[in-house]
Amino acid sequence: MMISKKKSSFKISCTSCALRFVCFPSSVSLLDLPQLDAIIEKDQIVSVDNSIFLQNDKPIHIYAVRSGVVKSTIRIRDGIEQITNFYLTGDIIGIENVGAQTYYDSAYAVQKTSVCSISMENLKFISKELQGLHEYLLHLAAKQLQVNQKNMLLLNQMNALERVAMFLLTLATRYKSKQLSDTQFYLPLSKADISNYLGITAETFSRTLSFLKKNKIITVKGRLIKIIDKHYLYHILDTTIK
């Protein structure tokens, strides 16, 4: 694991961090944050392609992404890994591993990433002190497992166009939940990683984006995506992603 602490005498506390409303539920008040602040390790930098934790290792921490992007993978066989999820600024990583004997998956930094962490031991202690946090974490863990299972089931039943439409709409929803634009955003992963995540080839992913661009559903400029006709993407899926 290649996490290094940022060498800086200035550290942002949870109380003053702009992400506190994303990382913590409304049930955790500002008065409670100093307790959390005391046990959270901050300013940890993960270099590109380095691991935050590895599949089958003993779970020691959960993490919050302060900046950057993280992907989770499951080892299928030697040298082959399937991307199962990706995490953006403000997302919590590893919460579904609380109480497990080993990490279910591995987590890698897609770009230079900054994370905060809290040990499982401290998490167990503080959850007893802050009931609202305990309930929130249980909800978060259950939700993460449900999302992972739902995505895998849906992807297995979709063609390439449907998979890309679902990916773009899900990404838009996630950005909107962080009070960012849900119509114009950068793809958080490379085309190769997105293709791996969606279970299609990189060529198929590129052709699908070109199809949507040609039909004026989206515009594409490098990794910058602008959704012009969101209703058409929903129509492709014939459902509403919430």
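Computed from a predicted structure; not experimentally measured.

A. Layout of helix α8 (residues 230-237). Those residues of α8 not exposed but buried are L233, I236 and L237. The buried residues of α8 occupy an angular sector of 95° when projected down its axis, which confines them to one face. Exposed positions of α8 whose direction lies more than 90 degrees from the buried face are H231 and H235. Measuring from the backbone nitrogen of H231 back to the side-chain oxygen at the start of α8 gives 3.3 Å, which picks out D229 as the cap. Directly beyond the C-terminal end of α8, a positive phi value near 60° is found at D238.

B. Region of interest: the pattern of salt bridges. Scanning the entire structure with this criterion turns up four salt bridges. The salt bridge involving K71 is made with D193; its shortest N-O contact spans 3.2 Å. Of the two residues, K71 is situated in strand β5 (residues 70-77) and D193 in helix α6 (residues 191-198); the sequence distance between them amounts to 122 residues. Linking K230 and D182 is a salt bridge whose minimum nitrogen-to-oxygen distance equals 2.9 Å. Taken together, the positions of K230 in helix α8 and D182 in the loop between α5 (160-177) and β10 (184-186) put the pair 48 residues apart, joining distant regions of the chain. Overall, K230 belongs to the partly exposed group, its relative accessible area being 22%. Each of D91, R174 and K178 takes part in one network of salt bridges that share partners.

C. Region of interest: the nonpolar core. If you look at the biggest cluster of nonpolar residues, it comprises 34 residues, and the most contacted ones within it are F167, L168, L198 and L233. Only β6 (80-87), α5, α6, α7 (202-214), β11 (218-221), β12 (224-227) and α8 provide two or more residues apiece to this core. The biggest single contributor to this core is α5, with nine residues. Residue contacts for L233: discarding those within four places in its chain leaves A165, L168, L169, L212, I217 and I227. Counting residues in hydrophobic clusters, the runner-up holds 15 residues, among them I39, I62, I126 and Y136.

D. The sheet that holds β11, seen in detail. A sheet is described by the order of its strands in space; here three strands give the open sequence β10-β12-β11, paired in antiparallel fashion. At either end of the open sheet lies a strand with only one pairing partner, and these are β10 and β11. Along the sheet, successive strands turn relative to each other by an average axial angle of 20°, direction set aside. Of the pairings in the sheet, the one linking β11 to β12 comprises four bridges and is antiparallel in character. From the neighbouring strand, K221 faces β12, where its bridge partner is L224.

E. Representation of the side chain of N97 in the model. Following the sequence through the fold, N97 ends up in the loop between β7 (92-93) and β8 (106-109). Polar contacts involving the side chain of N97 include one to the main-chain amide nitrogen of Y104, which spans 2.8 Å. Contact partners of N97, with chain neighbours within four places excluded, come to F53, P59, T102, Y103, Y104, D105 and M120.

Rules behind the numbers
Residue positions are given per chain, counted from 1 along the sequence in the order it is written. Residues qualify for local features only when their pLDDT is at least 70, as the model is predicted, and side-chain atom pairs are given and counted only at 80 or more; totals for whole chains, interfaces and linings, by contrast, use all residues. Each side-chain value is worked out from all heavy atoms of the structure, with water and hydrogens disregarded. Buried, partly exposed and exposed residues are distinguished by accessible area as a fraction of the type maximum, computed with a 1.4 Å probe on protein chains only: under 20%, between the cut-offs, and over 50%, respectively. The helix count covers DSSP runs of H or I at least four residues long, the strand count covers runs of E at least two residues long, and both are numbered beginning at the N terminus. The arc in question is traced by the directions running from the helix axis to the C-beta atoms. Between N or O atoms, a polar contact is any pair within 3.5 Å; within protein, one atom must be a potential hydrogen donor and the other a potential acceptor, and residues adjacent in sequence are included only when both atoms are from side chains. A pairing counts as a salt bridge when a side-chain nitrogen of Lys or Arg comes within 4 Å of a carboxyl oxygen of Asp or Glu. Side-chain atoms within 4.5 Å link the members of a nonpolar core, which is a set of buried Ala, Val, Leu, Ile, Met, Phe, Trp, Tyr and Cys residues. Should any heavy atoms of two residues lie within 4.5 Å, those residues are counted as being in contact. We treat two strands as partners when DSSP finds at least two bridges between them. To obtain an axis, a line is fitted to C-alpha atoms, over the contacting stretch when the element is a helix, and the angle between two such axes runs from 0 to 180 degrees between their N-to-C directions.

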